[in-house]
Amino acid sequence: MGKAIGISGAGFVSAGGLFSFRRRSLSTRSVVKMSQEGKPYDLLVYGATGATGKRTAQYLLKNAPPELKWGIAGRSLEKLEQVREELRGSVEGGETRDIGIVVGSGDTSDEVAKAARVVATTVGPYTEFGEPLVKACCEHKADYLDLTGEPNFMRRMIDTYGKQAEENNVTVLHGCGFDSIPSDLGVLFLVEEAKKEFQCGLSSVTTVIEEARGGIGSGTIASIVRAGGDPDSQDPYGLQKDYPDPEKVTEAFPDLFGVQHVPEIDMYGIPFFLSFVNTRVVRRSASIFASERPTQSIKINGSDAYCSSKFLYKEFLGLKSKTSAYVGSAVVGGLFVGIGLALKSSTLRNMLYKGIINNSWKPKEEMVEEGRSKFVLVGKTDEVQPRTLVAEINMLDPGYGETSRLLAEASMMVALEKKDLPAHALGGGFYTPATAIGTRLLERLNEKADWIKRVK
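Presented here is an overview of the structure given in this document. Please read all numbers here as calculations on a predicted model, not as lab measurements.

1. Topic: the environment of R283
Structurally, R283 is set in helix α10 (residues 275-290). Residue classification places R283 among the buried residues on the basis of a relative accessible area of 1%. Spatially, the C-alpha atom of R283 lies 7.5 Å from that of Y313, the residues being 30 residues apart in sequence. Among the polar contacts made by the side chain of R283, one reaches the main-chain carbonyl oxygen of Y313 at a distance of 3.5 Å.

In structure tokens:
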């Protein structure tokens, strides 16, 4: 394993990068170069033994700058070491790359939060497994990012740890994957475009998921089951309650049941299962921008704004054919109603959840590699005679490829550039990708992948 390096007598870091908080006798001691705030890592990926965590770590291995001290974390040393070897073998010259390992123990995640300035976690369902790490990060001053698509979990974490995050200057960002960065940053992009070209805000944005092709794993389905039966997931204002008068900032649009035509792009919208989280996150962004706390130059009810009245956000799956849309709406709507009724029963909900967990699966590699996704966003200016802006976001497989890229890029940005981000001006608290990282992440994604573009 290499020579051991002592840290505060509480554990050790090996030459290969192991950081375990189980006490051991150390034969060799030397100085460990710490990151800022006296922590050995800038960034840790928690849950790296899972499919999404491993992909996130692989993205970091290929794209992280040399100055970023990062590692992988979890509860099994054996599995983490196996992942590290797989990662090293996945890139040319990888056998010499230093990938740190942090092993947590017990029912808390204190060890992980103590070891890094930023923690990115892929361990879900978050309603089931997420709280200990949120708690630990807020206590030990580690910024936190996750992939949760569970509004009930977000609401509970905001209510429980919001004050502590503010006091300890900890940035907490939920929804840093396919749900909900494309929706959140897509709206921000159109807001910036309207401000630049028309010197006005937007009254509405409609997002149409034109393509979502790829694999979906059991963890995603389990998260939907866990969140679906909770009232906080159904409340359209559920993520805005800690900001005053949310109804004055955004207009709640009921989750779509039926078909809606989007004439600007000649597509028909039907219900989309992720809209119940994406719409809430975008509305939270609007509320944060409308608050008195400092952020970017965008402020609702000011000269630079999402809008000067209520902001309307809608999102659904798009189809070209009107007939296909009505058939699809009937099928999807029926499924939503049936599943919704089933999830209202705690007994059925728990039975379904346990069945998924006990029979977990992940998609085949070729499904992930061949997967693609595309969002089209239509914005309306807040003017007497509204003008239209249209943007496209082209992405990888939504469940794994794009999600791991988005989490990795957002995490690196918080770890390396926080002082230059809106998050620094905002101070500690629970924010959204658009409000905490903002246009800088849009720039980075476009540099790497030509991610979003204006088409009208």
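So, next bit.
2. Here we look at helix α14 (residues 401-417)
With 17 residues, α14 ought to run about 24 Å at 1.5 Å a step, and its terminal C-alpha atoms sit 24 Å apart, in line with that. Counting buried positions along α14 gives 15 out of 17 residues, so the element sits mostly inside the fold.

3. Remarks on unusual backbone geometry
Looking along the chain, the bond that leaves G124 and enters P125 is cis, with omega of 0 degrees. At the junction of D179 and S180, the peptide bond is cis and its omega measures out at 25 degrees in the coordinates. With respect to the secondary-structure elements, S180 resides in the loop between β9 (171-173) and α7 (181-198). A positive phi angle, near 60 degrees, is found at K141, a position not held by glycine.

4. What about the packing of aromatic side chains?
Under the definition given, this model contains two aromatic pairs. Residues Y126 and F153 carry aromatic rings whose centres are separated by 5.9 Å and whose planes lie at 40 degrees to one another, so their mutual orientation is tilted. Placement of Y126 in helix α4 (residues 126-129) and of F153 in helix α6 (residues 151-167) is noted, with a sequence separation of 27 residues between them. The buried category is assigned to Y126, whose relative accessible area is 4%. Look at F153 and you get buried, because its relative accessible area is 0%. Arranged with centres 5.4 Å apart and planes meeting at 75 degrees, the rings of F178 and F375 form a pair that is edge-to-face. Residue F178 is located in the loop between β9 and α7, and its partner F375 is located in strand β15 (residues 372-381); the two are separated by 197 residues in the primary sequence. Of the two residues, F178 and F375, both sit in the buried class.

Parameters at a glance
Residues numbered from 1 in each chain as written. Predicted model: local features only at pLDDT ≥ 70, side-chain atom pairs only at ≥ 80, totals over all residues. Heavy atoms only, no water. Helix = DSSP H or I, 4+ residues; strand = E, 2+ residues; numbered from the N terminus. Buried < 20%, exposed > 50% of the residue type's maximum accessible area, 1.4 Å probe, protein only. Polar contact = N/O pair within 3.5 Å; in protein donor to acceptor, adjacent residues only side chain to side chain. Expected span 1.5 Å × (residues − 1). Phe/Tyr/Trp six-rings, centres within 6.5 Å; stacked < 30°, edge-to-face > 60°.

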